[in-house]
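Chain by chain, the residues run as shown.
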Amino acid sequence: MTATADAEAAENELTPLAEYLGSVLRRLRALPPLDLDLTQAYGNVLAEDVITPHAYPAFDQAAVDGYAARWEDLVGSGRGGGYAPAGSRNPQNRTVRLNVVGDLGAASWRPVRLTPGACFSVAAGAPLPIAADVVVPVEWTDQGMAAVEIYRVPKRGYGLRRAGEELPAGTLLARAGTYVSPALVAVLAATGIGHVVVRPSPRVVVVATGDELVDVGRGSQPGQVVDANSHALTAAAAEAGALAYRVGICDDDPEGLRGLLEDQTLRADLIITTGGTGTGPGDMVRRILSRREGGRAGPVTFTDVALYPGAALGFGTVGAEEVPVVCLPGEPGAALIGFEVLARPAINLLAGAEPVFRPSVRAHLLETITSPGGLREFRPAHVAERRGGGYTVQPLSGGPYTLSGLAEANGLLVLGERVTTAAAGSTVDVLLLDRRR
């Protein structure tokens, strides 16, 4: 059989990734919303649009430490010694002299009015006197207390912030689906919002399965494999914004696995298992969770997806509460790719986040690579911005070496099912991983 025939056969036997993802994500619903105090809202996703109830700034205020004045007093004849042209130092060293009639701090609250030839000493954040339309920075003056000499005249409006100039009341501050960031918390607080309606962070339980698994802290021996998956996927779930819990290792015991999953439904919005998704003699997860009982299909459906690495994926629900469960392959590189492709979008959907997928860019490929026909490959890569704009992408280790490649990657190069060779210089799709560098 030719390579083309092999690819066509693979396409006929495997479910396209886009079709599979659509069928899974349509079965999920965002978690019910709840009202949270602002101090608890960080990291959650807004369930409703947020409108500013009050303007920000709430009142006219000084933006810098200095002297609040009337601009016409600065550019007029000046009292006691001429004036400097607006925005510049006077080459003749002529100055403006104004009487300082009071001091205003950020806690000042009584309204005051400027009279001609007078000014107020103000701190940044202090309310402006009525009629003030400029604040002269301290460093442009002699810092006088009873009277001040101004050596440089700013433009009208300099050094002040008008009420509502940044956010007028009634502004759409953030849409539903937006993550609550520290900066957003600050803006919410500044505009008088003390509570927001959010979707809770999904609780994700991670279970690694297999009689061969041993815990970390030792090397693998024949018949033993160190459990990297439960540690890696718990970290990945936390990075995705979930409250992640690592259960650890579960043996290939049917009753033990069923009991463990049933117990975890009490504290989980999503369960992720790794291992046993194939059709080999040791793949117990697929056998146990897809087994028909009483004429009814098993709780989890396993599908061979046109995905490389890691084609065998499972999805369904377990327990009386019908908690969603995602079953990923046992090979660590394939498990992490499966997480990115399936589990991360599921977490984002449960959290109410939009969009649910990683951002992607088109990038200039720096090296010719091959890809298995009939499969959509996700290969670790390093993405860099070009000086003139756009991106370049350097492929890293993939296939059986995906795990080591992922440790260095800041992106995933995506090669479609019909791509068997991608030439250097061609343009390819790359998912951006939000890794801290």
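Residues numbered from 1 in each chain as written. Predicted model: local features only at pLDDT ≥ 70, side-chain atom pairs only at ≥ 80, totals over all residues. Heavy atoms only, no water.

**Student:** An account of the sheet that holds strand β17 (residues 270-274) is needed here, citing residue identities and associated values.
**Tutor:** A sheet is described by the order of its strands in space; here six strands give the open sequence β16-β13-β17-β21-β20-β18, paired in mixed fashion. The open sheet has two free edges, formed respectively by β16 (243-250) and β18 (300-304), since each of these has just one partner strand. Taking each pair of neighbouring strands and ignoring which way they run, the sheet shows an average axis angle of 20°. Here five bridges tie strand β20 (residues 312-318) to strand β21 (residues 323-328), and the two strands are oriented antiparallel to one another. (Pairing = 2+ DSSP bridges. Helix = DSSP H or I, 4+ residues; strand = E, 2+ residues; numbered from the N terminus. Axes fitted to C-alpha atoms, helices over the stretch in contact; angles between N-to-C directions.)

**Student:** Lay out the pairing of β20 with the relevant residues and their values.
**Tutor:** Counting buried residues along β20, six of its seven residues qualify, which places the element largely inside the surrounding structure. Across five bridges, β18 lies against β20 in antiparallel orientation. Paired with T301 across the two strands is F315, which belongs to β20. Linking β20 back to β21 in an antiparallel pair, the connection comprises four residues, with G319 at a positive phi of about 80°. (Buried < 20%, exposed > 50% of the residue type's maximum accessible area, 1.4 Å probe, protein only.)

**Student:** Can you explain unusual backbone geometry? Please cite residues and give values.
**Tutor:** The omega torsion of the bond from Y56 to P57 falls at -5°, within 30 degrees of zero and hence cis. Relative to the helices and strands, P57 resides in the loop between β3 (50-51) and β4 (61-62). A cis amide bond links Y308 with the next residue in sequence, P309, at an omega value of -5°. By the element assignment, P309 lies in the loop between β19 (307-308) and β20. Of note in the backbone geometry, A131 takes a positive phi value of approximately 85° without being a glycine.

**Student:** Summarise the side chain of T274; cite the residues concerned and give the values.
**Tutor:** Residue position: T274 is located in strand β17. Overall, T274 belongs to the buried group, its relative accessible area being 2%.

**Student:** Describe the confidence of the model for the chain, with residues and values.
**Tutor:** Predicted coordinates in regions of low pLDDT should not be interpreted in detail. Looking at the chain as a whole, the pLDDT averages 90, with 91% of positions reaching at least 70. Within the model, the stretch residues 1-11 combines pLDDT values under 50 with eight contacts to residues more than four positions away or in other chains. Low pLDDT, under 50, characterises residues 77-92; the stretch is placed with 41 contacts to residues that sit more than four places away or in other chains. (pLDDT = per-residue confidence, 0-100. Contact = heavy atoms within 4.5 Å.)

**Student:** Give me the environment of A334: which residues, what numbers.
**Tutor:** Along the chain, A334 turns up in helix α8 (residues 332-351). When its relative accessible area of 5% is taken as the criterion, A334 is described as buried. Residues A334 and P355, spaced 21 residues apart in sequence, show a C-alpha to C-alpha distance of 24 Å. Setting aside anything within four residues of it in sequence, one finds A334 in contact with P309, G310 and P329.

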